[in-house]
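# Observations on the model geometry
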Amino acid sequence: MHGMGHSDDRFYWQKWAGLLNAALSRAGLGLLEEQFGGVYYYDLVPGPRAGAGLCDLGLQITALRQQALQEISLSRFSFIEGLKPVKKLADYVVDNFGDIISYLYLNKTHHAVNDRLYEAIDNSSKQVHLIGYSLGAIVCYCALKQNEEVAKKVSHLIMLGSPLFWFKHGVAEWTDFRIRPAVGRFTNIAGILDIAFPHMVPKFIDNLDEHVELTIDFDPIKSHSGYFSNDRMLNLIAAEIKKGWA
């Protein structure tokens, strides 16, 4: 399940699937093409600048931008020198992750996106191994916590590059972090220098089966976009999938 701001291509997942399947083959678990699929939902989520009906989101965007600037300024990225680069990095966080605010704060959008995921899982005749990338990780987490029956059809939920750190308050409006989703296995995979701060997920979710960290790149933006292009990360994802494979 993709993050926000992705391509309009509903078959975005095919390239990812090919690269991941090569890693799975190296791990002794090569799959058929028809065993892969993707959940496309970008058409359901209006951006925070979409206009009518979203005026309240402007306040959310402003607050998020201030939070981003404050958190990044706390030497979390100590190699960044000067206020201007810090502001640029904070703006990147908001501009690229800001669309998720409409998922978290617009009920109609929230439920429409969840229903798209439920439909995809229900259409599978077998247990599902679900990978949520970036903001897709938040969608998977929220949606499965709200539908236990569907969650039980998920053998393994893997969150990649989750920006939960930035959106913990919005997610908390929908779910209790103390309650585990009713999935078979629950894994968080984090690029250590990823701008989304996925390594912070265990600070809020303490019922993970596995939390794995790996350096993808020393650039925090490239670290966030490199999960399906970095061979070491692909091998790590494949190894985690194999652990949960029945």
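Going by the structure above, here's the rest.
Residues numbered from 1 in each chain as written. Predicted model: local features only at pLDDT ≥ 70, side-chain atom pairs only at ≥ 80, totals over all residues. Heavy atoms only, no water.

Attention now goes to the overall build of the chain. Broken down by element type, the chain carries eleven helices and four strands. By residue count, 51% of the 246 residues in the chain fall in the buried class. Restricting the contact set of the chain to residue pairs at least 6 apart, pairs at least 24 apart contribute 76%. For the chain, the accessible surface area stands at approximately 11700 Å², while carbon and sulfur atoms represent 51% of it. (Helix = DSSP H or I, 4+ residues; strand = E, 2+ residues; numbered from the N terminus. Buried < 20%, exposed > 50% of the residue type's maximum accessible area, 1.4 Å probe, protein only. Contact = heavy atoms within 4.5 Å. Areas by Shrake-Rupley, 256 points an atom, 1.4 Å probe, with all protein chains shown as cover.)

Residues Leu 130, Leu 144 and Ile 205 are the most contacted members of the largest nonpolar core, which totals 42 residues. Elements with a minimum of two residues in this core: helix H4 (100-105), helix H5 (107-122), strand S1 (128-133), helix H6 (135-146), helix H7 (148-151), strand S2 (154-160) and helix H8 (164-172). Ranked by residue count, the leading element in this core is H6, at nine residues. Among all residues touching Leu 144, those that are not within four sequence positions of it are Ile 121, Leu 130, Val 150, Ala 151, Val 154, Leu 157 and Val 183. Ala 23, Val 212, Met 233 and Ala 238 belong to the second-largest nonpolar core, a separate cluster that totals 27 residues. (Core = buried A, V, L, I, M, F, W, Y, C linked by side-chain atoms within 4.5 Å.)

With that out of the way, let us pick up the sheet that holds strand S4 (residues 210-214). Spatial ordering of the open sheet is given by S1-S2-S3-S4, a layout of four strands whose pairing is parallel. At either margin of the open sheet sits one strand with a lone partner, and together these are S1 and S4. The sheet shows a mean angle of 15 degrees between the axes of neighbouring strands, direction not considered. When strand S3 (residues 185-191) meets S4, the two strands line up parallel, connected through five bridges. Within S4, the position partnered with Ile 189 by the bridge is Val 212. (Pairing = 2+ DSSP bridges. Axes fitted to C-alpha atoms, helices over the stretch in contact; angles between N-to-C directions.)

Approximately 910 Å³ is the volume attributed to the largest pocket. What lines the largest pocket is a set of 31 residues, and nearest its centre among them are Gln 35, Phe 36, Gly 37, Val 128 and His 129. Of all elements in the fold, only helix H1 (13-26), H5 and S1 reach the threshold of two or more residues within the lining of the largest pocket. Residues that form the lining of the largest pocket fall into these classes: 20 nonpolar, nine polar and two charged. (1 Å grid on protein atoms, 1.4 Å probe; cavity = no way out; pocket = protein on both sides within 12 Å on 5 of 7 lines; lining within 4 Å. Points joined across faces, edges and corners; volume = space filled by probe spheres on them. Nonpolar A, V, L, I, M, F, W, Y, C, P; charged D, E, K, R; others polar.)

In terms of backbone geometry, most residues other than glycine have negative phi values and most peptide bonds are trans. In the Ramachandran plot, Ser 134 falls in the positive-phi region, its phi being about 55 degrees despite a non-glycine side chain. Looking at where Ser 134 falls in the secondary structure, it is placed in the loop between S1 and H6. Of note in the backbone geometry, Phe 197 takes a positive phi value of approximately 60 degrees without being a glycine. You can see Phe 197 is positioned in the loop between S3 and helix H9 (201-204). Looking at Phe 197, the relative accessible area reads 3%, which means it is buried.

Moving on, we get to the packing of H6 against H8. For any two helices packed against each other, the geometry is given by the interaxial angle and the distance between the axes. As a packed pair, H6 and H8 sit with axes 11 Å apart at the nearest point and diverge in direction by 35 degrees. The element H6 and its partner H8 pack so that their crossing is right-handed. Residues Leu 135, Ile 138, Tyr 141 and Cys 142 of H6 lie in contact with H8, whose contacting residues are Leu 164, Phe 167 and Val 171. (Left-handed = near helix turned anticlockwise from the far one by under 90°.)

On to the environment of Trp 245, then. Among the secondary structure elements, Trp 245 is positioned in the segment after helix H11 (231-243). Take Trp 245: its relative accessible area is 31%, and that puts it in the partly exposed class. Note: C-alpha distance between Trp 245 and Gln 127 (118 residues apart in sequence) is 9.8 Å. In contact with Trp 245, not counting residues within four places along its chain, are Leu 29, Leu 31, Gln 35 and His 129.

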